[in-house]
Amino acid sequence: MEKLKYEKPVISKITAGVPSKFGLPARQKIISEIDGIPVSKLMEEYGSPVFVFSENTIRNTYAEARQAFETRYPKVQFAWSYKTNYLDAVCNIFHDEGSWAEVVSGFEFEKALAIGVSGSQILFNGPEKSEKDLTLAINHNACVHIDHFDELYLLMEITQKLDKKARVAIRVNMDTGIYPMWDRFGFNYENGEAWNAINRIMLADRLELIGLHTHIGTYIMAPSAYAIAATKLANLLVATHSKFGHWLKYIDLGGGFASKNTLKGAYMPGSETCPTFDDYAEAITNALISSEIPHENLPTLFLETGRALIDDAGYLLTTVLANKRSSTGRRNMVIDAGVNLLFTSFWYNLGVYPSKSPSEYLEETTIYGPLCMNIDVIRDAINFPHVKTGDQLVIERVGAYNVTQWMQFITYRPNVVLIDLEGRSHVIKKKEDLETLKNKEVKPE
Amino acid sequence: MEIVKEVKISENGFVFNSKTGDSFNLNPTGLALIKLISEGKELDEIKKEFVSAYEVDDLTFEKDFYEFFTLLKHHQIMVQSDPLEFK
Ligand SMILES: Cc1ncc(COP(=O)(O)O)c(C=O)c1O
């Protein structure tokens, strides 16, 4: 006698009248391969958990963003935001596509130089720049984005000491209607501080003001906020020309485009709601083109887009360690990747998917990582099929910030793999081992 | 431990607990299982029936059985009055 197909027996409560927040997709999505390589093969070769990046997705996403802007505006330059993902192999792809580097620390500056980025194509942001960092930047002819007056005066001192000129821009903060307003970085537009800083720099012998920068926030869902930012920077550009007869070379609108991830608390998935590159490009370029800047003096538009360019290209493959029931009967699942590897799980409801056809039955589940800590929750409520211990899952859209903000805690950080355009996989960062960690420890004599 | 008398189970897997006012859905294996439980059969007997009828091994079924049981207790379809009673 042929046996019946077995499915785990389940009973689920019917909650009439309450619309299910999982009403959207009817079919459970499965991710069984990445760029043609089966998930099981990747995990067999590189272990679990493992981060996997797709070069194809990186290049396609970049091309899409570039096209959105270049078809609308004559001069566009992307600068890869290092903090978003500074693995050499990833940065190399962006530089190969023509991106400059956007760095926010001496470490990131050195990393960009070390992989061969020319100093003159590095934008140096951030509130933390030591005298040593600034000297390095000036010697390499980088563009320093000044964050505050103390940095401005320090730069004047250093350029005098070195008897060299520094190429600078200022970071401007402003009200673009976005809440919370990021006013802790840079000089404020509305209260005249930015204009003050421009005046002070224009009078300084060894500082050459070449641009204006802003970064209005991150995961900005409203393209109109960028239009406001572009207009305000354009106003400063025109004022600088009127007073000093000098056209600044660029306007840098920073990063902040939303990736397709779903923010916690959002009702609809990010993939349905977040603006496209075309939406952002339309708002920004219209604002610049319709500003008072004459067409022949339009500045180069710099963009430091981070998460929107890399989130989609990164996956984390993970294994189910256990299924349990909480004391209240709720389904809990433990996987081998925790919040120490997935910093972005604090902001997003990350997409977690089975790698092979699971049970048809879905149940609301909490997904925990393996850390012995209560905060280690990857998803507090996800409608998830029944999977078994040892089953392999894929967490998508984890390309941004995770492999830079990850923490080494109670275990080793895993391999990071890149699948190239030919569909071959390469380790681009090796899994840590005891040596990696003991290496920097010193026993007192 | 038995299924509470206020609980009605329909042929297509619909469950109503008039004591709590809650209703539930069972998947087909859940329905088959709850029927055997309501007949008062013990784990060993139920396991034998399941393993011969379905594509499932002993251990997997045993694990799932206890999990299902926990859910029945959680939904007050079965009541555990003595914490040391093992079922
Ligand atoms: C100055 C600056 N530029 C660019 C970025 C990249 O932002 P996002 O990843 O939101 O595009 C950041 C991120 O915080 C930033 O601080």
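Residues numbered from 1 in each chain as written. Chains lettered and ligands numbered in written order. Predicted model: local features only at pLDDT ≥ 70, side-chain atom pairs only at ≥ 80, totals over all residues. Heavy atoms only, no water.

**Q** I'd like to hear about the UniProt feature "domain: Orn/DAP/Arg decarboxylase 2 N-terminal" (unreviewed entry) in chain A, residue by residue, with values.
**A** Following the UniProt record, the feature "domain: Orn/DAP/Arg decarboxylase 2 N-terminal" (unreviewed entry) maps to residues 65–309 of chain A here. From the first C-alpha to the last, residues 65–309 of chain A spans 8 Å; its make-up is 40% helix and 17% strand. (UniProt positions renumbered as here; feature names shortened; annotations may be inferred. Helix = DSSP H or I, 4+ residues; strand = E, 2+ residues; numbered from the N terminus.)

**Q** So, the nonpolar core: which residues are in play, and what are the values?
**A** Buried together is how nonpolar side chains tend to be arranged in soluble globular proteins. Grouped together as the largest cluster of nonpolar side chains are 109 residues, with contacts concentrated most on Phe69 and Ile170 of chain A. In terms of residues, this core owes the most to one element, helix 8 (residues 223–244) of chain A, which gives 10 residues. What Phe69 of chain A contacts, discounting residues up to four positions off in sequence, is Val76, Phe78, Phe257, Phe277, Tyr280, Ala281, Ile284, Thr285, Leu301 and Leu303 of chain A. Grouped together as the second largest cluster of nonpolar side chains are 27 residues, Tyr6 of chain A together with Ile3, Val4 and Ile46 of chain B included. (Core = buried A, V, L, I, M, F, W, Y, C linked by side-chain atoms within 4.5 Å. Buried < 20%, exposed > 50% of the residue type's maximum accessible area, 1.4 Å probe, protein only. Contact = heavy atoms within 4.5 Å.)

**Q** Break down the UniProt feature "domain: Orn/DAP/Arg decarboxylase 2 C-terminal" (unreviewed entry) in chain A for me, citing the residues and quoting the values.
**A** Here the UniProt-annotated "domain: Orn/DAP/Arg decarboxylase 2 C-terminal" (unreviewed entry) positions come out as residues 310–399 of chain A. Helix makes up 1% of residues 310–399 of chain A and strand makes up 47%, while its end C-alpha atoms are separated by 5 Å.

**Q** Can you explain helix 1 (residues 39–46) of chain A? Please cite residues and give values.
**A** All names here are of chain A. Those residues of helix 1 lying buried are Val39, Leu42, Met43 and Tyr46. The arc that holds every buried residue of helix 1, seen down its axis, measures 95 degrees, which confines them to one face. In the segment just after helix 1, Gly47 is the residue with positive phi, at about 90 degrees. (Arc of directions from axis to C-beta.)

**Q** Please set out the environment of Phe68 of chain B residue by residue, giving values where relevant.
**A** Here Phe68 of chain B is to be found in helix 3 (residues 58–74). With residues near it in sequence (within four places) discarded, Phe68 of chain B still touches Pro9, Val10 and Ile11 of chain A together with Leu26, Gly30, Leu33, Ile34 and Ile37 of chain B.

**Q** Requested: an account of the packing of aromatic side chains, with residues and values cited.
**A** One pass over the structure, following the stated rule, counts 28 aromatic pairs over all chains. A ring pair is formed by Tyr6 of chain A and Tyr54 of chain B, whose centres lie 6.2 Å apart and whose planes are at 80 degrees; its orientation type is edge-to-face. Residue Tyr6 of chain A is found in the segment before strand 1 (11–14), and its partner Tyr54 of chain B is found in the loop between helix 2 (43–53) and helix 3; the two belong to separate chains. Taken individually, Tyr6 of chain A and Tyr54 of chain B each receive the classification buried, so the pair is uniform in this respect. For the pair Phe51 of chain A and Trp406 of chain A, a centre-to-centre distance of 5.8 Å together with 75 degrees between the ring planes defines the contact as edge-to-face. Linking Phe51 of chain A in strand 4 (residues 50–54) with Trp406 of chain A in the loop between helix 12 (402–405) and strand 20 (416–419), this pair joins segments that are 355 residues apart in sequence. As far as burial versus exposure is concerned, Phe51 of chain A and Trp406 of chain A are alike and both buried. By the ring-pair criterion, three or more aromatic residues cluster together here, those being Tyr62, Phe69, Phe78, Trp80, Phe94, Tyr226, Phe257, Phe277 and Tyr280 of chain A. The side chain of Lys29 of chain A reaches across the aromatic face of Tyr353 of chain A, ending 4.6 Å from its centre. (Phe/Tyr/Trp six-rings, centres within 6.5 Å; stacked < 30°, edge-to-face > 60°. Lys NZ or Arg CZ within 6 Å of the ring centre and 35° of its normal.)

**Q** Could you give me a rundown of a nonpolar patch on the surface, with the residues and numbers involved?
**A** A cluster of nonpolar side chains, contributed by Phe346, Met373, Ile375, Met407, Phe409 and Ile410 of chain A, occupies part of the molecular surface with about 550 Å² of accessible area. Inspection of the secondary structure assignment puts Phe409 of chain A in the loop between helix 12 and strand 20. (Patch = residues over 30% accessible without salt bridge, like charges linked within 9 Å, V, L, I, M, F, W, Y side chains within 5 Å. Areas by Shrake-Rupley, 256 points an atom, 1.4 Å probe, with all protein chains shown as cover. Salt bridge = Lys/Arg side-chain N within 4 Å of Asp/Glu carboxyl O.)

**Q** Tell me about the domain arrangement of chain A, residues and numbers included.
**A** Residues and elements named next belong to chain A. You can read the domains of chain A as domain 1 (33–53 + 312–431) and domain 2 (125–305). Listed by partner, the interface residues are 10 residues for domain 1 and 9 residues for domain 2. Together, the buried faces of domain 1 and domain 2 total about 810 Å²; carbon and sulfur atoms form 40% of this surface. Here domain 1 and domain 2 share 1 salt bridge between them. In this structure, the salt-bridge partner of Lys260 is Asp312, at a minimum N-O distance of 3.2 Å. Inspection of the region where domain 1 meets domain 2 yields 5 residue pairs in polar contact (both at pLDDT 80 or more). Looking at side-chain class alone, the side of domain 1 that touches domain 2 contains 4 nonpolar, 2 polar and 4 charged residues. (Domains from an automatic or database assignment. Buried area = accessible area lost by both parts, 1.4 Å probe. Polar contact = N/O pair within 3.5 Å; in protein donor to acceptor, adjacent residues only side chain to side chain. Nonpolar A, V, L, I, M, F, W, Y, C, P; charged D, E, K, R; others polar.)

**Q** Go over the pattern of salt bridges with me, naming the residues and quoting the values.
**A** One pass over the full model with this rule turns up 32 salt bridges over all chains. Glu67 of chain B is the partner of Lys8 of chain A in a salt bridge, and the nearest nitrogen-oxygen pair spans 3.0 Å. Taken together, the positions of Lys8 of chain A in the segment before strand 1 and Glu67 of chain B in helix 3 put the pair across two chains. Considered together, Lys8 of chain A and Glu67 of chain B belong to a single accessibility category, that of buried residues. A salt bridge links Asp391 of chain A to Lys356 of chain A, with the shortest nitrogen-to-oxygen separation between them at 3.3 Å. With Asp391 of chain A in the loop between strand 18 (377–385) and strand 19 (392–396) and Lys356 of chain A in the loop between strand 16 (351–354) and strand 17 (362–368), this pair connects stretches of sequence that are 35 residues apart. Where salt bridges share partners, they join Lys8, Arg325 and Glu363 of chain A together with Asp64 and Glu67 of chain B into one cluster.

**Q** Quick one: what's the story with the interface of chain B and chain A, residue by residue and with numbers?
**A** Of the residues lining the interface, 29 residues belong to chain B; the matching set on chain A comes to 18 residues. Interface of chain B and chain A: buried area, both sides summed, is about 2200 Å²; carbon and sulfur atoms make up 59% of it. Our enumeration of links across chain B and chain A arrives at 4 salt bridges. The interface formed by chain B and chain A contains 15 residue pairs in polar contact (both at pLDDT 80 or more). Ranked by residues supplied to the side of chain B that touches chain A, first place goes to helix 3 of chain B with 9 residues.

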